[in-house]
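So you can see what is in the structure, the chains are spelled out below.
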Amino acid sequence: MYSRECSEYFHAKQKAARRIYKGWIKPADLPTNAEIREQVQLLARISEGDQGYSQRLLEMRLRAAWWLRKLTPFHPKLIGSVLTGSIREGSDIDIHVFAASPESIAIVLDEQGVFYHMQRKRVEKNGEQRVFTHLHVRDQFPVELTVYHPSLLGFNFRSSITGKPIERAGIGELERVIAIEHDVDANGQAEQMLTMDACPDRSNVFLSLLVPLENVRQSRRYHPEGDALFHSMQVFALAKDVMPYDEEFLLAALLHDVGKAIDPDDHVASGLEALEGFISERTAWLIQHHMESHKIQDRTIGARRRKRLAAHPWFEDLCLLGDCDRAGRVPGAEVEEPEEALQYIEQLDEMFE
């Protein structure tokens with residue numbers, strides 16, 4: 001379960017029983033969910049260290065509290081591992097929300113500038129077909145909102161596995177948990193919430209850097225396609241064809257020229273400065289050296305410099321980015337909008353799964 005082979009206690013128990021024993025095992029002989037939770041926490045602490053685990057749990061709970069505040073009109077309730085303290089790698093922030101229409105919640109998500117997608121699941125319970133709506137939000141930590149009709153606000157939700165009531169907490173209860181278990185008082189929590197409000201979403205940062213490229217006109221000799229945004233979107237499309245699941249490479253293709261709207265005389269350095277803190281080391285390296293990929297192609301780079309680059313583990317990726325950069329100069333080509341490209345990148349994990 002800890003290695004993401006199973007996502008539910010029930011299936012994890014069954015799988016473990018089949019591995020260890022032959023024949024049928026009485027359910028009463030299997031460990032309880034509480035016992036499994038203890039082992040999950042132990043494994044997490046071994047992997048991350050007690051301090052690292054506790055810090056990550058605090059960060060997830062603070063982010064959950066931030067979302068509960070943003071979703072206040074929908075009577076949000078936190079459930080699951082973030083509330084119980086049994087998080088592991090890949091854990092979601094699971095929240096129940098109550099609204100007559102999921103679209104009303106989507107409006108709030110749009111206001112926060114986050115990427116999300118809506119999923120409807122048809123489930124049969126007690127011989128009755130029911131449709132559950134989930135909103136999967138790409139955030140600092142993945143967030144799953146399960147939407148229920150307001151008439152169920154006082155309903156006593158029970159676990160399908162244990163039959164017992166599901167633990168859940170509103171904003172006040174969660175703040176008390178944070179204060180007691182993490183020794184962060186109300187003032188400390190409020191300060192961290194303000195920091196979260198001030199922290200820009202990375203996709204909004206990328207979009208704010210891409211849009212001005214539409215006004216950057218380039219030399220027709222080298223860029224017959226036109227403005228720098230049109231070129232960037234072509235390069236992204238080509239990169240998506242060759243490495244569709246490589247987020248770092250796709251970001252390098254999409255963002256390699258953002259500095260042209262900041263400082264045309266040194267667009268590489270200015271672009272990297274604007275992107276600092278929002279991209280990985282590999283993406284930054286590819287952007288930093290993308291102009292040298294052209295010198296490699298036309299054989300104008302010095303032998304010593306080429307040798308140093310060729311020895312780098314990301315050299316082949318750099319050459320591939322250069323190929324996309326040179327090919328992305330077609331007048332009238334069909335391209336996506338920047339928002340569509342960013343949404344594709346933000347949803348890569350789910351698409352890959």
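Cut-offs and rules
Residues numbered from 1 in each chain as written. Predicted model: local features only at pLDDT ≥ 70, side-chain atom pairs only at ≥ 80, totals over all residues. Heavy atoms only, no water. Helix = DSSP H or I, 4+ residues; strand = E, 2+ residues; numbered from the N terminus. Buried < 20%, exposed > 50% of the residue type's maximum accessible area, 1.4 Å probe, protein only. Contact = heavy atoms within 4.5 Å. Areas by Shrake-Rupley, 256 points an atom, 1.4 Å probe, with all protein chains shown as cover. Salt bridge = Lys/Arg side-chain N within 4 Å of Asp/Glu carboxyl O. Expected span 1.5 Å × (residues − 1). Polar contact = N/O pair within 3.5 Å; in protein donor to acceptor, adjacent residues only side chain to side chain. Patch = residues over 30% accessible without salt bridge, like charges linked within 9 Å, V, L, I, M, F, W, Y side chains within 5 Å. Lys, Arg positive; Asp, Glu negative; His and termini not counted. Charge placed at Lys NZ, Arg CZ, Asp CG, Glu CD. Phe/Tyr/Trp six-rings, centres within 6.5 Å; stacked < 30°, edge-to-face > 60°. Lys NZ or Arg CZ within 6 Å of the ring centre and 35° of its normal. Core = buried A, V, L, I, M, F, W, Y, C linked by side-chain atoms within 4.5 Å.

Visitor: Give a detailed account of the overall build of the protein, specifying residues and quantitative values.
Guide: Helix and strand content of the protein: 17 helices and six strands. Classification of the 353 residues of the protein by burial places 43% in the buried group. Long-range pairs, those at least 24 residues apart, make up 63% of the contacts in the protein between residues at least 6 apart in sequence. Surface exposure of the protein reaches about 19,700 Å², of which carbon and sulfur atoms provide 50%.

Visitor: Break down the pattern of salt bridges for me, with residues and values.
Guide: One pass over the structure, following the stated rule, counts 14 salt bridges. Ionic pairing is found between E103 and R120, a salt bridge with its closest N-O pair at 3.9 Å. On the criterion of sequence distance, the pair formed by E103 in helix α5 (residues 102–112) and R120 in strand β3 (residues 115–125) is long-range, its members being 17 residues apart. Residue classification places E103 among the partly exposed positions, given a relative accessible area of 41%. A salt bridge links R217 to D227, with the shortest nitrogen-to-oxygen separation between them at 3.8 Å. Placement of R217 in the loop between α8 (202–210) and α9 (228–242) and of D227 in the loop between α8 and α9 is noted, with a sequence separation of ten residues between them. The exposure class assigned to R217 is exposed, which follows from its relative accessible area of 62%. Salt bridges sharing common partners tie together D246, E248, R282 and D317.

Visitor: Talk me through α9; I want residue IDs and the actual numbers.
Guide: Its 15 residues give α9 an end-to-end C-alpha distance of 21 Å, which sits within 8% of 21 Å, the value for a rise of 1.5 Å per residue. Among all positions in α9, only A228, L229, F230, H231, S232, M233, Q234, V235, F236 and A239 are buried. In this structure D227 caps α9, since a side-chain oxygen of it lies 3.0 Å from the backbone nitrogen of L229.

Visitor: Explain a negative patch on the surface to me, using residue names and the numbers behind them.
Guide: A cluster of acidic residues, E214, E337, E339 and E340, forms a negative patch at the surface. On the secondary structure map, E214 appears in the loop between α8 and α9.

Visitor: Would you mind going over the packing of aromatic side chains in detail, with residue names and values included?
Guide: Scanning the model with the defined rule gives eight aromatic pairs in all. With 6.1 Å between their ring centres and 85 degrees between their planes, F132 and Y148 make a pair best called edge-to-face. You can see F132 sitting in strand β4 (residues 128–138) and its partner Y148 sitting in strand β5 (residues 143–148), a full 16 residues away along the chain. Considering the side-chain rings of Y148 and F157, the 4.6 Å spacing of their centres and the 50 degrees angle between planes classify their relative orientation as tilted. Exposure remark for Y148: the relative accessible area of 10% places this residue in the buried category. Since its relative accessible area comes to 9%, F157 is described here as buried. Geometry around Y344 places K240 over its ring, the cationic atom sitting 4.4 Å from the centre.

Visitor: Can you lay out the side chain of R282 for me, pointing to particular residues and giving the numbers?
Guide: Inspection of the secondary structure puts R282 in helix α12 (residues 281–288). The buried category is assigned to R282, whose relative accessible area is 10%. If we skip the residues at most four places from it in the chain, R282 touches M243, D246, E248, F249, W314 and D317.

Visitor: Lay out the nonpolar core with the relevant residues and their values.
Guide: Residues L254, L255 and L275 are the most contacted members of the largest nonpolar core, which totals 41 residues. Mapped onto this core, the elements with two or more residues apiece are α8, α9, α10 (247–255), α11 (267–275), α12, α15 (315–327) and α16 (338–346). At seven residues, α10 tops the list of elements feeding residues into this core. Non-local contacts of L275, meaning those with residues more than four positions away in its chain, are made with F206, L209, L255, V258 and I287. Grouped together as the second largest cluster of nonpolar side chains are 38 residues, L57, L71, L109 and M196 included.

Visitor: Tell me what's going on with unusual backbone geometry, and back it up with residues and numbers.
Guide: Although it is not a glycine, H75 adopts a positive phi angle of roughly 50 degrees. Tracing the backbone through its elements, the reader meets H75 in the loop between α3 (50–70) and β1 (77–79). One non-glycine residue, D183, lies in the positive phi region at around 55 degrees. Structurally, the position occupied by D183 is in the loop between α6 (171–182) and α7 (186–198).

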